[in-house]
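Each chain, letter by letter, is given below.
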Amino acid sequence: MNKIGEHIRQRAAELLESREIDAFIGFRQGSLPMTTQHYVARSAAEAQNLVWNSFCVLNPTNILPSLLKSFEPPRRPGDPLPDDLPKVGIAVTGCWSRNLAIQFQENQASRKRVIAIGLPCTGMSDRRQILAQTGEMVTEVSETAEDLYFTGGTVASLKRTEILRPNCASCVHPQPVARIMTEVIEGDCINNDAAGRFAEVEEIEAKDSDGRWDWFSSEFSACIRCYSCRNACPLCYCPTCFVDDAKPQWVGKGLNSSDTSIFHILRAYHCAGRCTDCGSCEAACPMGLRLRLLTKKLDKDVVDMFDSEAGVEPFKPLPLSTYSQADPQPFIVQPSHSKGEDS
Amino acid sequence: MKTLKLSNDELQGWLASWQQKHAIYAPQLGTDASKPQFHDWALLDGDEMPQLPTGVVKNSIKRFYLPQPQTMGTFSIDKRQADAFIIKETLPDSAKKQILLGARPCDARAILLKNQILASDPYFQAAREKNIVVGVTCSDQAPTCFCHKTGASPLAFIGMDIALSQTDEGWLAEIITPRGEELAGNGAEASEAKIAELKEKRDAIKQCSPAHGFKEQPMQEMYDAPLWQGLSDRCISCGTCTFLCPTCTCFDIQDETSGNTGRRIRIWDSCMTALFTAHTSGHNPRGTKLSRVRQRFMHKLKYYPDDYGPLYCVGCGRCVRDCPTNIDIREVIEDLQS
Amino acid sequence: MTDINTEWQPKIITFLCTWCSYAGADLAGVSRYQYPPNIRVIKVPCSGRMSPNLILNALKGGADGVLVSGCHPGDCHYISGNYFARRRFGLLGNLLEFIGLEKDRVQFTWVSAAEGEQFADVISQVTESVRKLGPATRLVKNIPAEINVERACANE
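A brief look at the structure comes next. Source: prediction; values computed, not measured.

What counts, and at which threshold
- Residues numbered from 1 in each chain as written.
- Chains lettered and ligands numbered in written order.
- Predicted model: local features only at pLDDT ≥ 70, side-chain atom pairs only at ≥ 80, totals over all residues.
- Heavy atoms only, no water.
- Helix = DSSP H or I, 4+ residues; strand = E, 2+ residues; numbered from the N terminus.
- Buried < 20%, exposed > 50% of the residue type's maximum accessible area, 1.4 Å probe, protein only.
- Contact = heavy atoms within 4.5 Å.
- Buried area = accessible area lost by both parts, 1.4 Å probe.
- Salt bridge = Lys/Arg side-chain N within 4 Å of Asp/Glu carboxyl O.
- Pairing = 2+ DSSP bridges.
- Axes fitted to C-alpha atoms, helices over the stretch in contact; angles between N-to-C directions.
- Phe/Tyr/Trp six-rings, centres within 6.5 Å; stacked < 30°, edge-to-face > 60°.

**Considering the environment of A:Cys56**
Residue and element names in this part refer to chain A.
- Mapped onto the elements, cysteine 56 comes out in the loop between β3 (50–51) and α3 (64–70).
- Note on cysteine 56: relative accessible area 0%, which makes it buried.
- Between the C-alpha atoms of cysteine 56 and leucine 32, which are 24 residues apart in sequence, the distance is 13 Å.
- Excluding its chain neighbours within four sequence positions, the residues that come into contact with cysteine 56 are Phe27, Thr36, Val51, Trp96 and Met124.

Here is the structure:
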C-alpha cells in the first residue's frame, strides 16, 4: 500500500509539474483515524499530500465531472467547447474505473480530458466494523499488507481480510478496466470466488415475502433522509433529483416510512445496470444502512437477464439504454387461452 | 438545588416509578446483530438503567423537540366540505410528559441555545414543556468530543431537569428544576465531601475551556476567507452534518395530501442542499456549494454568537464523526482563528 | 360472482399505451366483453414512457394493484419503446418483489388494439389475483390523523 501511495504521489507530481494535467484527484489523510478526504492536488507540492490506504472508501470519480466543468469557460448553450481544455488526473481501482467508463459513456466526463491511473486493489476496510470491535477510542492506525494495528483501542490488531467492506469481499473485478486506463500500476489484487458474489442478496431472496418486507422495513427505518447515499454516488448527477421535485411530489420529505422506502427503491433503481458496487453509498451513510443490498440485487438481475455488467465492457451500451428482441419476459400476464404456447 | 446519593438499586427504583406514569426514551444498542451496531434513542422497556456509550449517541435529542415531521395543521381538500382548504392548527399535547433519560450535557445545552431562536415558536415550546431531561454527565470524552472548546463542559448540567453523575458507588443526582424535584424519588442527601469532589472536577474542566468566539473578527474577513474553497471542493452536499447536529434549527414547510385529507408539516431543512433558500423566481442567494458550506459555519461561529453570545455549536462531534468526507469543524475553527 | 356492494373491492390502476392497449380496452367495451369494474385507466403515450415513479406513486396513494400494458414486442408505434420498457419492467418487478411487496401487486402485460377479448381476460385475471392478496398495506402512505410528538422517536 505504501508503495502504491508513493507511486501515486510521484506520478501526480510529474504530471502536474509538466502541466500535462491541471489537477489530480486523490485522497488526503483525514482528521480522525481511519478517515480520508477527497483531495484535489493542483501543484506538484500539493501532490505530496496524497495518500493511499485501506480507508479510501468514498468514490473519487464522484467529483470528477464537476472538476472538469470548473475548467470550462462560460459559454452559451450549444456553443462548442474549446479543444485544448486542461486535463485532470485520477487514480482509480477496479470499481472506480468502471464508474469512469460509465461517465465517459454518459458524457459526464470526456475521455480526452482524463488521465486515468489504474491501481491494483486489495479491498478497503470497513471503519464502522472496526470501531465496533476496537471501541471509539482508537487514536492511531497503521497497516501492513495483511494486518491493521491500532493504538488506544480495545483490540491491538485485526486481519484485513476479516474487516473488509462487504462489497470488497464480494468483488470480482478488482482490476481496472485496462482499455480506458492511461497507465496501470501493477500489483496484487484481491481474489474472490465468483460463485459467492451474490450471497448477501441470495440470503434475502430465500426469505418469503413477509420476511423480506420485515427486513426491508426495519433496514431502512433508521434513514434520516440526509441523501448522503445519493450525493456520494458517482452515478447521481441529475440537475434536479426526483426527491426534490415539487410538482408532482414523488416522495414526501418527512420521515414517513412509505416515503423513505420509495426513495430507496427509486434511488437503487436509477443505478440499475450502472452500479459498480463501489460501496460509496454505504461508506457515506451516517446510519450504516446496507444500501448496497438493493443495488446488488439489481446487479444480479442485470447479469442474469441481460448478461451485462456495469462498465466491464466500456464501449458496450448500458443495459437499460439498449434491448434485445430475445429479452426474457416471464413476468408478462398472458391471456388464459394462450397460456403454454408462449414461453 | 439538592444533590442526592443513589445506589444502582435506588436509581432503578426511580426508573420503575417513572415507568408507571411516563414514557421514557433512552439511548439503546440496536438488537439486530446483522446490522451495524450503534446506540440510538428508543423507548425504554423495563427499569434497567441503559449502558451509555462514551460520548454522544447517533442522533441528538433534537428529534423530540423538532419532530421530523411536525404536523402543524390539518385540512380537507374535499371541495364539498365548507371548511375545505382551511388549515386547522394542531399543537402537540404537552400535558403528557415524557422523559429523555441519558441525554448528554451537549444535547441538553443545545436545546437552550435553540430556545434563543425558537423562543416564540409554539410547537417548540410545547415540546419543551413535554420533555423532561434526565441527563447523564460525561466522565470520559470520545475522540470526537470537543464541548470544552465551545464554552461548555462534559460535566455541565445546564438544560437538564435532573443531572446524574456516575461515581464509584453509584450515582449522584442533582435536582435542578422544580420539574426535576417533582420527578425525583427518595434518596439520601449526598455528603459535603462528595458534592465538593464533583464541584472540583467541574471547576478543573472549566479552567481549560476557553469560551472563545469570533466576536472581534471582522465578518467580511471571515466571509472572504480562503478556506471555504477547499471545504466546498470536497463537500458532497448531503445533510448528514445538519441532520445529526443538535443545534441546527432550519426548517422547511410542506403540504401533503392523501385522499381527501391533508396536513401541513414542518420538516428539517439543511443549508447543504441546493434547494435551501431557493426562491420561487429561480434566484438563490446561496446558489453555490461554497456559499452554502460557508453559511453553515458562519451561522454557528459568527452570526449566532453576534446575536446571542455563545457559539452555536455545542461540541458533540456528531458531524465530525459521521461526515462522509471528513469535514471537521474543529479544523475550521482553528483555521479561522489563525 | 362477488357481491359488489358488500365485499371489499380492489382498486387497480392500469396504465395503457395509447396505441395498442387503450384501443384494446376500447374494443373490449365496444364488443361488450364483460370484465371486472375494478380498474382505473390512465392513458400513456407508450409503455416506454412508464417511469417507476408513476407505479410507486400509485402504490403510495393506496392502489391495491398496478397493471401496465403496452403493444406486443415488435408492434410498438415508436418502433422500440416497449423493448426498453420490458427491460425496465423486469428489473422493477424483481426489485419490488425483493423488498417484500406481494408478487401480484404490480403486473405487466401486452394487449394489442385487436385484442378486446384478451384485454377483458387479462383484467379478470389481474383483478382476481389482487383480490386474493387483499387490501394493500405495504408502501401505502397514511397521513396520521393526529399529531404525534409521542411517536417522535420512532418514525412514522
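Resuming the write-up.
**A look at the interface of chain A and chain C**
- Contacts between the two partners involve 54 residues from chain A, matched on the other side by 42 residues from chain C.
- Summed over both partners, the interface of chain A with chain C buries about 4,400 Å², with 62% contributed by carbon and sulfur atoms.
- By the criterion of area lost to chain C, the three top residues of chain A are A:Trp250, A:Tyr269 and A:Val333, representing 16% of everything that side buries.
- Here chain A is connected to chain C by four salt bridges.
- Where C:Lys141 meets A:Asp259, a salt bridge forms, and the shortest distance between an N and an O atom there is 2.5 Å.

**Section: the sheet that holds strand β1 (residues 12–17) of chain C**
- If you trace the five strands from one edge of the open sheet to the other, you get β10(A)-β4(C)-β3(C)-β1(C)-β2(C), paired in parallel fashion. Here the strands that pair on one side only, and so sit at the sheet edges, are β10 (332–333) of chain A together with β2 (39–44) of chain C.
- As paired elements, β1(C) and β2(C) share six bridges and run parallel to each other. Bridging across to β2(C), C:Phe15 finds its partner in C:Ile42.
- The sheet strands contacting helix α2 (residues 52–60) of chain C are β1, β3 (65–70) and β4 (106–110) of chain C, and the helix crosses β3(C) at an angle near 155°.
- Contacting β3 and β4 of chain C, helix α3 (residues 81–98) of chain C crosses the sheet at an angle of about 155° to β4(C).

**Brief notes about the packing of aromatic side chains**
- One pass over the structure, following the stated rule, counts 23 aromatic pairs over all chains.
- Considering the side-chain rings of A:Trp52 and A:Trp96, the 6.0 Å spacing of their centres and the 90° angle between planes classify their relative orientation as edge-to-face. Here A:Trp52, found in the loop between β3 and α3, pairs with A:Trp96, found in helix α4 (residues 94–105); they are 44 residues apart in sequence, far enough to count as distant.
- A residue is classified by how much of its surface remains accessible, and A:Trp52, at 6% relative accessible area, is buried.
- Centre to centre, the rings of C:Trp19 and C:Tyr78 are 6.3 Å apart; their planes meet at 75°, and the pair counts as edge-to-face. On the criterion of sequence distance, the pair formed by C:Trp19 in the loop between β1 and α1 (21–30) and C:Tyr78 in the loop between β3 and α3 is long-range, its members being 59 residues apart.
- The class for C:Trp19 is partly exposed, based on a relative accessible area of 39%.
- Given the relative accessible area of 41%, C:Tyr78 is considered partly exposed.
- Following the ring pairs from residue to residue traces out a cluster consisting of A:Trp213, A:Trp215, A:Phe216, A:Phe220 and C:Phe98.

**Considering the pattern of salt bridges**
- A full pass over the atoms with the stated rule returns 44 salt bridges over all chains.
- Measuring nitrogen to oxygen at the nearest pair gives 2.8 Å for the salt bridge that ties A:Asp327 to C:Arg87. In this pair, A:Asp327 is assigned in the loop between α12 (292–306) and β10 and C:Arg87 in helix α3, connecting two distinct chains. C:Arg87 matches A:Asp327 in its accessibility class, with the two residues each being buried.
- Between B:Arg202 and B:Glu174 there is a salt bridge whose closest N-O contact spans 2.9 Å. You can see B:Arg202 sitting in helix α6 (residues 192–207) and its partner B:Glu174 sitting in strand β9 (residues 171–175), a full 28 residues away along the chain. Side by side, B:Arg202 and B:Glu174 carry an identical accessibility label, which is buried.
- Put simply, A:Glu200, A:Asp277, A:Glu282, A:Arg292 and A:Lys296 are held in one network by salt bridges that share partners.

**Considerations on the sheet that holds strand β8 (residues 157–159) of chain A**
All names here are of chain A.
- Spatially, the three strands line up as an open sheet ordered β6-β7-β8, and their pairing is antiparallel. Since the sheet does not close on itself, it has two edges, and those belong to β6 (140–143) and β8, each with one partner. Strand-to-strand, the axes of this sheet are offset by a mean angle of 20°, without reference to chain direction.
- Both β6 and strand β7 (residues 147–151) contribute to a ladder of four bridges, which runs antiparallel. From the neighbouring strand, valine 141 faces β7, where its bridge partner is phenylalanine 150.

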